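The chain contents come next:
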Amino acid sequence: MINLVLFTVLGLGLFGSFILIALRDSPRSLPDTSAIHAVGQIINLEGSSFANARRLFDDTDYQVLCSNPDLRRLAERLRHDRKQLALTWLSLLQNDLLTLWRFRRFLIQRGVPSSLGEELRTVQALVLSLLLLQFIRVSIHTAGPFALPRATRQAGQLVDSMSKGAALVLGRIPVAGWAEIERSWVSSAA
Amino acid sequence: MVMSLVIWIAALTLATGTLVLFLRRALWRTYPFLLAYVIWLIIGNSALLIGFRFFNSVYTSLYWHSDTVDVVLRFLVVWEVFHQTFPKGSGLNRSLSKGLGIAAFLLLVFACATFWGYQNYTNLRSIHMALDRSFDFVQAVMILGTLLMARYYGVLFGRNVRGIALAFGGWVSISTVNSAMVDLTNSFLPYWYYLRPLSFLVMMVAWIWALWVYEPNPPILESGATELNQWTEDWNRTVSAARTIIRP
């Protein structure tokens, strides 16, 4: 009796584990690292190459300055400068996203295989990313650069995932053809 | 009666569909053990269908005997998943195969021990239920273990093996619960008649989906001997430095 109950419970546990794995590790085709590197070389991603985004939204300096009444004005200036920098960075990220999307379209236009479902998912991801960037931009305008530090810092990941999508498509053509793709891309962008 | 017949025909059609996929996409070269199991499914299900329709007197015995063969042959699927995830000759296979072999042996001993329990022999059905639940459970644990080990070591799955492993794991887990519940309460018997074959159909559909596109596991990238030697040297240096700091 006990072993039957145990088998029932353990079997349910195992089934739950398989469902969990199926849902959590949903298969996303991962691009080759060389393709990711190649996309980075072909496209100049100004926003995502900015390494100090974390520091940009860190309010420690601002808090330190605010704690001293004599430095309040300096604190406000720092806040204003950070706000401008954050907005510029967000604009660059937005440009990066659009450039990656154009690059992906360029690859598919040149005959790299893709499916309609994949394209729709890409457009969906792009629209959501742009909306999120707009939301962050509005929040920075209204509440300052330190209001949503975590969300803002993670904005760079939007470009990373878009970049992986482009690398995945690029990876579908032989490495030997990448140089030609780069030349065509540069000439089409000029 | 009609429902059982429909399930049987659907199972046979799906198994044949899987076989056609194997042949058309030349998947049999990559997944030979899985192919062997699919062929068995076609043969076994055809025999059962014929028995069900024309030889009712031998049907029950035929069902349980084919179920026993099926329990054993399911290890082909487990082996295929393991063998595809940790291919022979890979560093991970060399490092893990001995330990995992012992774990698999212990699991088999566990399955045999639970099957051998005398309380299972009250009637014919319980023997097969015990066989089913013991080995289903062990097979589910083996598949889950392989998936978790692969995840731990960052081994990537292709659509084919992932779909096969998850669908098979889900099915044998349901089967474990199913065969335990039937022995636990007889009122579950009507559900058992449909739950197991229906979950089998779901597994077959998932297999067809997984094999529709040829996407094997990406190869495991391994470092060269020079790189590994360098890494070992660096590691040993770090360990000795740490020891010096701890015990100056």
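Residues numbered from 1 in each chain as written. Chains lettered and ligands numbered in written order. Predicted model: local features only at pLDDT ≥ 70, side-chain atom pairs only at ≥ 80, totals over all residues.

S.K.: I would appreciate a short explanation of the interface of chain A and chain B in the present structure.
M.R.: Accessible area lost upon the coming together of the parts serves often as the stated size of an interface. The partner chain B presents 22 residues to the 16 residues of chain A that form the contact. Across the side of chain A that touches chain B, the residue classes tally to 12 nonpolar, 4 polar and no charged. (Contact = placed C-beta atoms within 7 Å. Nonpolar A, V, L, I, M, F, W, Y, C, P; charged D, E, K, R; others polar.)

S.K.: Help me understand unusual backbone geometry in this model?
M.R.: One can expect most non-glycine residues to show negative phi and most peptide bonds to be in trans. Backbone geometry at A26 of chain B places phi at a positive 55 degrees, although glycine is not the residue there. Summarising the element assignment, A26 of chain B is placed in the loop between α1 (2-24) and α2 (32-54). (Helix = DSSP H or I, 4+ residues; strand = E, 2+ residues; numbered from the N terminus.)

S.K.: Looking at this model, I keep getting lost on the nonpolar core. Mind explaining?
M.R.: Generally speaking, soluble globular proteins have nonpolar side chains that are buried together. Residues V81, I143, I164, A165, A167 and F168 of chain B are the most contacted members of the largest nonpolar core, which totals 55 residues. Looking at this core, the elements that each hand over two or more residues are α1 (2-24) of chain A together with α1, α2, α3 (56-85), α5 (124-152), α6 (159-184) and α7 (189-212) of chain B. Apart from residues lying up to four places away in sequence, V81 of chain B is in contact with I143, T146, V161, I164 and A165 of chain B. In this structure, A35, A86, I136 and A166 of chain A belong to the second largest nonpolar core, which totals 25 residues. (Core = buried A, V, L, I, M, F, W, Y, C linked by C-beta atoms within 7 Å. Buried ≥ 20, exposed ≤ 12 C-beta atoms within 10 Å, placed from the backbone.)

S.K.: Just checking my understanding: could you explain the packing of α1 of chain B against α2 of chain B for this structure?
M.R.: Helix packing geometry: the angle between the two helix axes and the distance between the axes. All names here are of chain B. Closest axis-to-axis distance for the α1/α2 pair is 9 Å, and the angle between their directions is 150 degrees. Relative to α2, α1 is oriented roughly antiparallel. Crossing geometry of α1 relative to α2 is assigned as left-handed. Residues W8, A11, L12, A15, T16, T18, L19 and F22 of α1 pack against L35, V38, I39, L41, I42, N45, S46, L48, L49 and F52 of α2. For the contact of α1 with α2, the class distribution of residues is 14 nonpolar, 4 polar and no charged. (Axes fitted to C-alpha atoms, helices over the stretch in contact; angles between N-to-C directions. Parallel < 35°, antiparallel > 145°, perpendicular 65-115°, else oblique. Left-handed = near helix turned anticlockwise from the far one by under 90°.)

S.K.: Which parts of the structure should I look at to understand helix α5 (residues 72-109) of chain A?
M.R.: Note: α-helices contain 3.6 residues per turn, so residues at a spacing of three or four share the same orientation. All names here are of chain A. In this model, α5 (38 residues) spans 55 Å end to end at C-alpha, consistent with the 56 Å of a helix rising 1.5 Å per residue. The set of residues buried in α5 consists of R82, A86, W89, L93, D96, L97, T99, L100, F103, R104 and L107. Of the residues trailing α5, G111 is marked for its positive phi of about 100 degrees. (Expected span 1.5 Å × (residues − 1).)

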